[in-house]
Protein chains: 12
Amino acid sequence: MRIAVLNGPNLNLLGTREPSVYGKDTLADVEQRLRAVAREIGVEVTFEQRNGEGELIDCVHALRGAADGAIINAGAYSHSSLALRDAFAAIALPFVELHVTNVYAREPERRHSMLASGAVGVLCGFGAYGYELALRGLVAKLAPTS
Amino acid sequence: MRIAVLNGPNLNLLGTREPSVYGKDTLADVEQRLRAVAREIGVEVTFEQRNGEGELIDCVHALRGAADGAIINAGAYSHSSLALRDAFAAIALPFVELHVTNVYAREPERRHSMLASGAVGVLCGFGAYGYELALRGLVAKLAPTS
Amino acid sequence: MRIAVLNGPNLNLLGTREPSVYGKDTLADVEQRLRAVAREIGVEVTFEQRNGEGELIDCVHALRGAADGAIINAGAYSHSSLALRDAFAAIALPFVELHVTNVYAREPERRHSMLASGAVGVLCGFGAYGYELALRGLVAKLAPTS
Amino acid sequence: MRIAVLNGPNLNLLGTREPSVYGKDTLADVEQRLRAVAREIGVEVTFEQRNGEGELIDCVHALRGAADGAIINAGAYSHSSLALRDAFAAIALPFVELHVTNVYAREPERRHSMLASGAVGVLCGFGAYGYELALRGLVAKLAPTS
Amino acid sequence: MRIAVLNGPNLNLLGTREPSVYGKDTLADVEQRLRAVAREIGVEVTFEQRNGEGELIDCVHALRGAADGAIINAGAYSHSSLALRDAFAAIALPFVELHVTNVYAREPERRHSMLASGAVGVLCGFGAYGYELALRGLVAKLAPTS
Amino acid sequence: MRIAVLNGPNLNLLGTREPSVYGKDTLADVEQRLRAVAREIGVEVTFEQRNGEGELIDCVHALRGAADGAIINAGAYSHSSLALRDAFAAIALPFVELHVTNVYAREPERRHSMLASGAVGVLCGFGAYGYELALRGLVAKLAPTS
Amino acid sequence: MRIAVLNGPNLNLLGTREPSVYGKDTLADVEQRLRAVAREIGVEVTFEQRNGEGELIDCVHALRGAADGAIINAGAYSHSSLALRDAFAAIALPFVELHVTNVYAREPERRHSMLASGAVGVLCGFGAYGYELALRGLVAKLAPTS
Amino acid sequence: MRIAVLNGPNLNLLGTREPSVYGKDTLADVEQRLRAVAREIGVEVTFEQRNGEGELIDCVHALRGAADGAIINAGAYSHSSLALRDAFAAIALPFVELHVTNVYAREPERRHSMLASGAVGVLCGFGAYGYELALRGLVAKLAPTS
Amino acid sequence: MRIAVLNGPNLNLLGTREPSVYGKDTLADVEQRLRAVAREIGVEVTFEQRNGEGELIDCVHALRGAADGAIINAGAYSHSSLALRDAFAAIALPFVELHVTNVYAREPERRHSMLASGAVGVLCGFGAYGYELALRGLVAKLAPTS
Amino acid sequence: MRIAVLNGPNLNLLGTREPSVYGKDTLADVEQRLRAVAREIGVEVTFEQRNGEGELIDCVHALRGAADGAIINAGAYSHSSLALRDAFAAIALPFVELHVTNVYAREPERRHSMLASGAVGVLCGFGAYGYELALRGLVAKLAPTS
Amino acid sequence: MRIAVLNGPNLNLLGTREPSVYGKDTLADVEQRLRAVAREIGVEVTFEQRNGEGELIDCVHALRGAADGAIINAGAYSHSSLALRDAFAAIALPFVELHVTNVYAREPERRHSMLASGAVGVLCGFGAYGYELALRGLVAKLAPTS
Amino acid sequence: MRIAVLNGPNLNLLGTREPSVYGKDTLADVEQRLRAVAREIGVEVTFEQRNGEGELIDCVHALRGAADGAIINAGAYSHSSLALRDAFAAIALPFVELHVTNVYAREPERRHSMLASGAVGVLCGFGAYGYELALRGLVAKLAPTS
């Protein structure tokens, strides 16, 4: 099983960006840990980060036939990007929406997600560890053990 | 570490209630699996289910001094119960909000949660497996490994 | 055919509660008349009244396998209780929503029902006689004569 | 007692119009059955159907001094016609609002009625049988047995 | 293939009505040109114009079994008439919604259409020429060449 | 100068319709008084009343070239009829909107007028006498004395 | 009968203020003409203009026992001042609300009046002549001829 | 005179619950002080606290014929419970709504009360001392000294 | 301790203004009673009433260094005046917001207060006696006995 | 005459993307057919597709002096991109907005277009054939035959 | 060139009013610095501060023929005063709206300005220095160096 | 001190884009003048313009450690881009939001800014000269003279 992990705008700065809000783990830390978990549960993982909405859509398109599922932390685009939701629908790729922080405890404009209605699952607030939960959750959705 | 798992209205029927929507796992199945995970990661878990909002508040109060964190699937009360959010705040107990289904892909009245702004994390859409994710996520929040 | 009649908060006071608004018939009067109608049309009726939302949900759950349909006057809970609608869906029990008064001619907060979208039929404004109409209407829905 | 039954736009097609939604009974079937019920309970009934709002208002005006109550299925005009509500008020004629389908389980634009606040009672979702319920309910309102 | 062209309120004045807004073509000009196009593409066209909502509904009903599709410029009724949308649904007739002007560049009350969700296609802003586009578009929808 | 006075739905019942709200003057009384005022100020007046929106639009169209201004009491259509406002614009006829009652002191649905933004003046609350005020006001607008 | 005419903010500049919008008549012109009309119909008129909301309230209070009715052009305060409406209610003085321009054809913030629900009548759009209409209308309300 | 003091969800924890927000006084402290005030002004007081909405309604019903007025701190139910307001109306019992904190300086969801429109008076922000103010205020309402 | 009592627009008419709504006590009565209570509890009180928003702001400014707290019945300005809230913040003066009537049982525009979020406490519905409650409540806030 | 055809996010996948929704025609099919139509009516057409909003703006800018009109299917950006509308205005290029599907029959977030108020015409729901209609419509707008 | 600087409610306390929010500069400091800048760029400046809305309107009126432009910090009136915007329009005086703090980073009720649509420019957040920026900006608007 | 000046979509066309709205100064003109001002006040300035949101975010990221403040005219992205606000927060860079036109006097969709709550200051309406004001204002914020 191949799982793609996509990160959106400003997440290249994870770990250095407002660490009291987003934590001290960098995307590299996340990637390292996810690779370990992936090996443990026998799946492949790939990683991409883009600051542009169009570039993220390109990344999604590139997953057609190349991934069985995706985890996306679309950052601020989560709250406005119908085009990203359409991109996943266009290639019929199941995805999990993830946020590092609990978006419901922040500004009102972060409460509504344009992606969530197209996702198989959504999680937020678990910090960098959330990526691991998302991976386990998505894999369980795609390949239920029973 | 002691983690309480609380389930709200109609969740006593999990597994038999609209299985095409909520899945075939019962609360007993969830409990059995969570106990196994809890043993694996070295925490204690307790379980309560109530159909009444007041009874759920009583359950939360009973956790004061008796639990270090909670996972709550408050069902339909998630969308209206300020009193439940107040109950967790009243005893300063960190909690994770969980839904079996992806509430963002259902009726509009399920999109807003009264609990979420008080939670440490929120997850939905992972079926019965979500309880295990919530447990791992909450424990990671309460006892970061580093 | 077994029909359950459920009454919600404050309806224990029917007949004495603001009689200029709700009329002078008590729940006992309603029950007596409904039993007569039930005998006439060959169905069984049961009656429950609860002031608590959780208790009403318990009543609904108890109807699983014990009733073929329900009539509910959920009183003020009609306007807020997603959990009650979920309870009927959880056991796949057809129900009619009923109000003694014409809720559309009262305060704006009474105009919206959380139950109605899950009901097979809705009626209001016919006073205590509405229970009889609801019974006839529900039975006709469940067992169309042709 | 004389009761007028008014039907609004598109109801001339009842029975052939989206039968999976509106049922297979025609207005003629409804009329036949209502006449039988009317005879049984000793009231007179008249029937009118119009596709135009102005024509429906004319029908209402014609009931002044000629009817003691009315049942109206105003179809889509229910959701916009203040003029029809005014027409009933203008001649002080009590009326019941009726819908064949459960309007609360359909598109949002069908949830709000401009007529309801002026009605003595409202019912929906009972199919063609609803006309009989409306007749019984209206007669009970106008001539309470005690 | 038979296509009916329906025009609603004030369109009898097309060509003389605010020509700087609606253009100088009259309905007769439109009809003449459409007849030519219809001959070219081998379909029959009929034309009706009514200022009343009820009369327009009557026109729609008259198309049952007499037309394979319709083009409607419902004028100001587009923004309020659920009854017209219901009329097309009642006879299951595919239709195109058309406006002579670009309604999105005018007053806000012209931005929302009650018809559009039931249409097969919508177009506006092309002046009198829009009728020809609508005819070609509708015919293409009803009889795809491949 | 020729002024047309148009009355909409239910105004045929003026004087008998809820007299405590609308007063005891009939449309005939209004007409008689307005004719006297018209003679006094040297203008011609005509009168039409229709219950249908389409018929009212027909009346407006008939004024093209036959009137210099209009007074309209569109009754309940005032609050919804964009088509009527369009009709006046279509023939570029200045008009005054009038209501017998003070619509701002009644139900909220009567506060918004679809006609007002196209009118030269608006007045309400002066009872049947308002027609005379509207006539004087409109004539003053059309033929300012200086 | 004593009628007070009150003018609010910026109306001291009437005639010089945006004359293409408000016309060329000054308040002095208005006063002169109104005094003539008052003499003709046998009533007394007084005039006050204030730019401050509090000063206008003082003016209203001063009318207690000194006026039988009032005409107020409260200018921009019309759209926000509950205190002015309360002032009239406090001394139970009937009043007419007047605007020189048609406020419904201007910016949206001018469409809602805080005064209107307390007025006996409302008129706008008739320019300076509107004061005369308001005077005649108010006197007719206070002293119906029959 | 008999006054009932009712407390709703989470108020059993008063004094220990977020003391920086709610203060350090417990319900027992409140009760002790209120008993002293009650003795001073010659009224009887009773006390109940419940976490469930249904249980609170039961408490209200139990006051029929047993109390002349009530003080209710309904906690978070204040903002959603139409059923509690109905309960007081059902037994025609005058009540004062009280909050320990100033709810208007907290989250937006605490600004709207479902109880307030049925109350004789409302007060908030005075901490535990507010109960004494409510008692004095209610008694003054029920037995004006003059 | 020095407490200032400020009254806003129309409150100079208290006692004569709609006595069925506001009661028969005048501001002078209120002042007399408050002076007695002030003596009893050992505080000084001053009184001001203004109809203008600017004048009320001036009054607040004059309290800098001259008062330890304030009670304000800002009348209709409560619902719109951010400037008054700013005035109290500008001099960091704690204040209680008071209304003689229960504003939540009146028109919707009276439900929202611009002052309340800046107040230490809010009370309404207790008539003239409310001033005494406000004084006791404010003094208790400023000088807690323990 | 030179017409540019611009396609936005996810339209590179047209034909393979949810074919039951968007049809089986690819952009290449659209281009081939449009070229044929262009030859027939004697205009030049160019084609661009971009997934990024900035890249689409670049494409629009590149049309300055190089095109006489444009057809844009901006996909999901239609519903949010003021910047694209600004881009057309910046170079004063007339454009037609096009959607392959009937956006009014899909999710509510697709009903509002940010582009439409700047377009000369809008059409949707005609599938790939819509591009041909848009081309004919735009050319007719730019070069009216008379 | 003559520029008037107007300050609204509570700005007399600038420098002492919540200095952590509004800074330590007083209006006198602002005036002194602005006079220096005015000399440098060769314009005259005048200064007025009022706490009342009516008094501010009087100040604006007094500028007719006496100033070529104005800078206004209307404080809290910015968010509600249509009358002030009307005052500037009444004398056709160009003005800049200024706020000392960044109003967009404060309470929601400070985000909307009633003045801004009538201003030539708006600035906020630059503290007392903003007055100098406003002066330079306004002068540049009125006398472009070209 | 190093200040970066960022320009967003369509601003590359400044000077040629709708000059009656945006003026005739090009970005090159702006840059030239700003460099002069920068020299005068002893700061360094850099300039970037991008049409893409992602590219603008990249520009912001590149300023980390390379600038002490930024001025951004984000054009139409101002009204929707949470990601840009996040970018500034991510590198803790103070910025001023600038618009060439007075956005409050244009279409409603330009009134709300997603950037403003994160800015230190906001200004609009001063044309190209606004960049100079923004520079002076930002420098003053970053290096207060006292």
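Residues numbered from 1 in each chain as written. Chains lettered and ligands numbered in written order. Predicted model: local features only at pLDDT ≥ 70, side-chain atom pairs only at ≥ 80, totals over all residues. Heavy atoms only, no water.

**Focus on the arrangement of the chains**
Without any contact between them, chain E and chain G keep their closest C-alpha atoms 12 Å apart. There is a gap between chain G and chain H: no contact, and a shortest C-alpha distance of 20 Å. (Contact = heavy atoms within 4.5 Å.)

**Comments concerning the sheet that holds strand 5 (residues 121–124) of chain I**
What the 10 strands build is an open sheet, ordered 2(H)-1(H)-3(H)-4(H)-5(H)-5(I)-4(I)-3(I)-1(I)-2(I); its pairing is mixed. The open sheet has two free edges, formed respectively by strand 2 (44–49) of chain H together with strand 2 (44–49) of chain I, since each of these has just one partner strand. Neighbour to neighbour, the strand axes of the sheet diverge by 15° on average, direction disregarded. Where strand 3 (residues 69–73) of chain I lies against strand 4 (residues 95–99) of chain I, three bridges are found, and the strand directions are parallel. If you follow Ile72 of chain I over to strand 4 of chain I, its bridge partner there is Glu97 of chain I. Running at roughly 150° to strand 3 (residues 69–73) of chain H, helix 5 (residues 129–142) of chain H makes contact with strand 1 (2–7), strand 2, strand 3, strand 4 (95–99) and strand 5 (121–124) of chain H of the sheet. (Pairing = 2+ DSSP bridges. Helix = DSSP H or I, 4+ residues; strand = E, 2+ residues; numbered from the N terminus. Axes fitted to C-alpha atoms, helices over the stretch in contact; angles between N-to-C directions.)

**A word on the relation of the copies chain C and chain D**
The two copies are related by a screw motion: chain C maps onto chain D through a turn of 180° and a shift of 0.0 Å along the axis, at an RMSD of 0.0 Å. Interpreted geometrically, this transformation is the action of a two-fold axis. No C-alpha of chain C approaches the rotation axis more nearly than that of Leu123 of chain C, which lies at 2.0 Å. Of the interface residues in chain C, 100% have counterparts in chain D that sit at the interface too, so the contact is made through matching surfaces. (Least-squares fit on C-alpha atoms with pLDDT ≥ 70 in both.)

**Observations regarding the interface of chain C and chain D**
Contacts between the two partners involve 24 residues from chain C, matched on the other side by 24 residues from chain D. Summing both partners gives a buried area of about 1,900 Å² for chain C against chain D, and 60% of it is carried by carbon and sulfur. One can count zero salt bridges joining chain C with chain D. Where chain C touches chain D, the interface holds 11 residue pairs in polar contact (both at pLDDT 80 or more). Each residue belonging to the side of chain C that touches chain D can be placed in one class, and the counts come to 14 nonpolar, seven polar and three charged. (Buried area = accessible area lost by both parts, 1.4 Å probe. Salt bridge = Lys/Arg side-chain N within 4 Å of Asp/Glu carboxyl O. Polar contact = N/O pair within 3.5 Å; in protein donor to acceptor, adjacent residues only side chain to side chain. Nonpolar A, V, L, I, M, F, W, Y, C, P; charged D, E, K, R; others polar.)

**Thoughts on the interface of chain C and chain H**
Taken together, the contacts link 17 residues of chain C with 16 residues of chain H. Contact between chain C and chain H buries roughly 1,300 Å² in total, counting both sides, with carbon and sulfur atoms accounting for 48%. The interface formed by chain C and chain H includes four salt bridges. The salt bridge partner of Glu107 of chain C is Arg85 of chain H, with a shortest N-O separation of 3.0 Å. Counting across the interface, chain C meets chain H through nine residue pairs in polar contact (both at pLDDT 80 or more). Taken together, the residues that form the side of chain C that touches chain H break down as four nonpolar, six polar and seven charged.

**Overview of the relation of the copies chain C and chain H**
When chain C is fitted to chain H, the residual RMSD is 0.0 Å, and the transformation amounts to a turn of 120° plus an axial shift of 0.0 Å. Taken together, the turn and the small shift mark the pair as related by a three-fold rotation axis. In this assembly the copies use different faces: only 12% of the residues contributing to the interface of chain C also contribute to that of chain H.

**Notes on the packing of helix 2 (residues 27–41) of chain B against helix 5 (residues 129–142) of chain B**
Residue and element names in this part refer to chain B. Remark: helix 2 packs on helix 5, axes separated minimally by 9 Å, with the N-to-C direction vectors making an angle of 35°. As helix 2 runs across helix 5, the sense of the crossing is right-handed. When helix 2 is examined against helix 5, the residues Leu27, Val30, Leu34, Val37, Ala38, Glu40 and Ile41 are found in contact with a partner set consisting of Tyr131, Glu132, Leu135, Arg136 and Val139. Looking at the contact of helix 2 with helix 5, its residues break down into nine nonpolar, no polar and three charged. (Left-handed = near helix turned anticlockwise from the far one by under 90°.)

**Observations regarding the packing of helix 3 (residues 53–62) of chain H against helix 4 (residues 82–90) of chain H**
All names here are of chain H. With their axes 9 Å apart at the nearest point, helix 3 and helix 4 run at an angle of 10° to one another. By the angle between their axes, helix 3 is roughly parallel relative to helix 4. Along the contact surface, helix 3 presents Glu53, Leu56, Ile57, Val60 and His61, while helix 4 presents Ala83, Leu84, Ala87 and Phe88. Here the contact of helix 3 with helix 4 is built from residues that sort into seven nonpolar, one polar and one charged. (Parallel < 35°, antiparallel > 145°, perpendicular 65-115°, else oblique.)

**So, the side chain of Asn51 of chain I**
In this fold, Asn51 of chain I is placed in the loop between strand 2 and helix 3 (53–62). Its relative accessible area of 8% is what places Asn51 of chain I among the buried residues. Engagement of the side chain of Asn51 of chain I in a polar contact is seen with the side chain of Asp58 of chain G, the distance being 2.8 Å. Apart from the residues lying within four places of it in its own chain, the contact partners of Asn51 of chain I are Gly54, Ile57, Asp58 and His61 of chain G together with Gly8, Pro9, Asn10, Asn12 and Tyr77 of chain I. (Buried < 20%, exposed > 50% of the residue type's maximum accessible area, 1.4 Å probe, protein only.)

**Side note on the side chain of Thr101 of chain H**
Residue and element names in this part refer to chain H. Take Thr101: it is sitting in the loop between strand 4 and strand 5. Among the polar contacts made by the side chain of Thr101, one reaches the side chain of Arg106 at a distance of 3.0 Å. Sequence-distant contacts of Thr101, defined by excluding residues within four places in its chain, comprise Val21, Tyr22, Arg106, Cys124 and Gly125.

Geometric values such as these leave the question of function open.
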